[in-house]
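Now for the letters of each chain:
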Amino acid sequence: MSELAYEDIKVGDEASLTRTITEVHIVNYAGLTGDWNPVHADAEHAAQSIFGERIAHGMLVAGLISAVLGTQLPGPNSIYLGQDLKFVAPVMIGDTIKVVVTVTDKRDEKRIIKLRTAAYNQRGEMVIDGSAAVKKVGL
C-alpha cells in the first residue's frame, strides 16, 4: 500500500472497510481486554437482555475505524489524537459492518485532519456515529 502524502488528502476524501463480525472476533476481543460482560459472552443472559441475543462489544466495532485511519485515510504515519463515538444501534454476531471515514477539515499548520467516522450494518442502518482527529506525520 502506498502512503498518502498530507498534501494529497482533501476535504471530502473517503475510505471504508467492511467486516462480518463473528463469534471468534467477540471471544478474541473479550480475551484481550477482559471484557466478559454477559451481554457479549453469555447467550442465556443476553437472551434476557433488551437485545434478545448476544451483541458485539461497541469498542470492537469502533476498532474498525482505527484500522481505516491507520491503513487507508489518512493512512500510515498517522497519530490518533481523539475520537468521539455515539453507539446508535447494537451489532449482532453475523452482522456485516461497513466503516466509512470522511475528511471534514484540515489544519495545515499542524497537519491535523478531522474526519467524520460512521459504521453501518448490512441493512444500511447506522450503528456508530462519530468524529476523529488525526495528525499526519512523515510524508
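Note that this is a predicted model, so its numbers are computed, not measured. (Residues numbered from 1 in each chain as written. Predicted model: local features only at pLDDT ≥ 70, side-chain atom pairs only at ≥ 80, totals over all residues. Heavy atoms only, no water.)

### Concerning the environment of threonine 104
No. 1: Looking at the element boundaries, threonine 104 is found in strand E3 (residues 96–107).
No. 2: Taking the relative accessible area as the measure of exposure, threonine 104 reaches 43% and is therefore partly exposed.
No. 3: Along the primary structure threonine 104 and glycine 63 are separated by 41 residues, whereas in three dimensions their C-alpha atoms are 20 Å apart.
No. 4: Beyond its immediate chain neighbours, meaning those up to four positions away, threonine 104 contacts Val11, Lys114, Leu115 and Arg116. (Helix = DSSP H or I, 4+ residues; strand = E, 2+ residues; numbered from the N terminus. Buried < 20%, exposed > 50% of the residue type's maximum accessible area, 1.4 Å probe, protein only. Contact = heavy atoms within 4.5 Å.)

### Remarks on the sheet that holds E3
No. 1: The strand order across the open sheet built from 5 strands is E1-E3-E4-E5-E2, with neighbouring strands paired in antiparallel fashion. Pairing within the sheet leaves two strands with one partner each, and these edge strands are strand E1 (14–20) and strand E2 (78–87). Going from strand to strand, the sheet's axes swing by 20 degrees on average, the running direction of each strand aside.
No. 2: Where strand E4 (residues 112–120) and strand E5 (residues 126–136) come together, 9 bridges link them in antiparallel fashion. (Pairing = 2+ DSSP bridges. Axes fitted to C-alpha atoms, helices over the stretch in contact; angles between N-to-C directions.)

### Regarding the environment of aspartate 13
No. 1: The topology assignment puts aspartate 13 in the segment before E1.
No. 2: Judged by its relative accessible area of 25%, aspartate 13 falls in the partly exposed class.
No. 3: Counting along the chain gives 61 residues from aspartate 13 to proline 74, while the straight-line C-alpha distance between them is 9.4 Å.
No. 4: Among all residues touching aspartate 13, those that are not within four sequence positions of it are Asp8, Leu73, Val101, Thr102 and Val103.
No. 5: Polar contacts involving the side chain of aspartate 13 include one to the main-chain amide nitrogen of lysine 10, which spans 2.8 Å. (Polar contact = N/O pair within 3.5 Å; in protein donor to acceptor, adjacent residues only side chain to side chain.)

### Structural notes on the side chain of threonine 117
No. 1: Mapped onto the elements of the fold, threonine 117 is located in strand E4.
No. 2: Among the polar contacts listed, one links the side chain of threonine 117 to the backbone nitrogen of serine 131, at a separation of 3.3 Å.
No. 3: Residues contacting threonine 117, with those up to four places away along its chain left out, are Ile65, Gln83, Asp84, Val100, Val101, Ile128, Asp129, Gly130, Ser131 and Ala132.

### Comments concerning the packing of aromatic side chains
No. 1: For the coordinates displayed, the defined rule picks out 0 aromatic pairs.
No. 2: Above the ring of tyrosine 6, the side-chain terminus of lysine 106 is found at 4.1 Å from the ring centroid. (Phe/Tyr/Trp six-rings, centres within 6.5 Å; stacked < 30°, edge-to-face > 60°. Lys NZ or Arg CZ within 6 Å of the ring centre and 35° of its normal.)

### A word on the nonpolar core
No. 1: Grouped together as the largest cluster of nonpolar side chains are 27 residues, with contacts concentrated most on Ile21, Val61, Ile97, Val99, Val101 and Leu115.
No. 2: At 7 residues, helix H4 (residues 58–71) tops the list of elements feeding residues into this core.
No. 3: The contacts of isoleucine 21, once residues within four sequence positions are left out, are Ile26, Ala56, Leu60, Leu64, Val91, Met92, Ile93, Gly94, Asp95 and Ile97. (Core = buried A, V, L, I, M, F, W, Y, C linked by side-chain atoms within 4.5 Å.)

### Points about the pattern of salt bridges
No. 1: For the structure shown, the criterion picks out 6 salt bridges.
No. 2: The partner of arginine 111 in a salt bridge is glutamate 7, with the nearest N and O atoms 3.5 Å apart. Of the two residues, arginine 111 is situated in the loop between E3 and E4 and glutamate 7 in the segment before E1; the sequence distance between them amounts to 104 residues.
No. 3: Look at glutamate 7 and you get partly exposed, because its relative accessible area is 46%.
No. 4: The closest approach of N and O atoms between glutamate 23 and arginine 54, which form a salt bridge, is 2.6 Å. Of the two residues, glutamate 23 sits in helix H1 (residues 23–33) while arginine 54 sits in the loop between helix H3 (43–47) and H4, which places them 31 residues apart along the sequence.
No. 5: Residue class for glutamate 23 comes out partly exposed when judged on its relative accessible area of 36%.
No. 6: Owing to a relative accessible area of 13%, arginine 54 belongs among the buried residues under this scheme. (Salt bridge = Lys/Arg side-chain N within 4 Å of Asp/Glu carboxyl O.)

Just distances and angles here, no functional claims.
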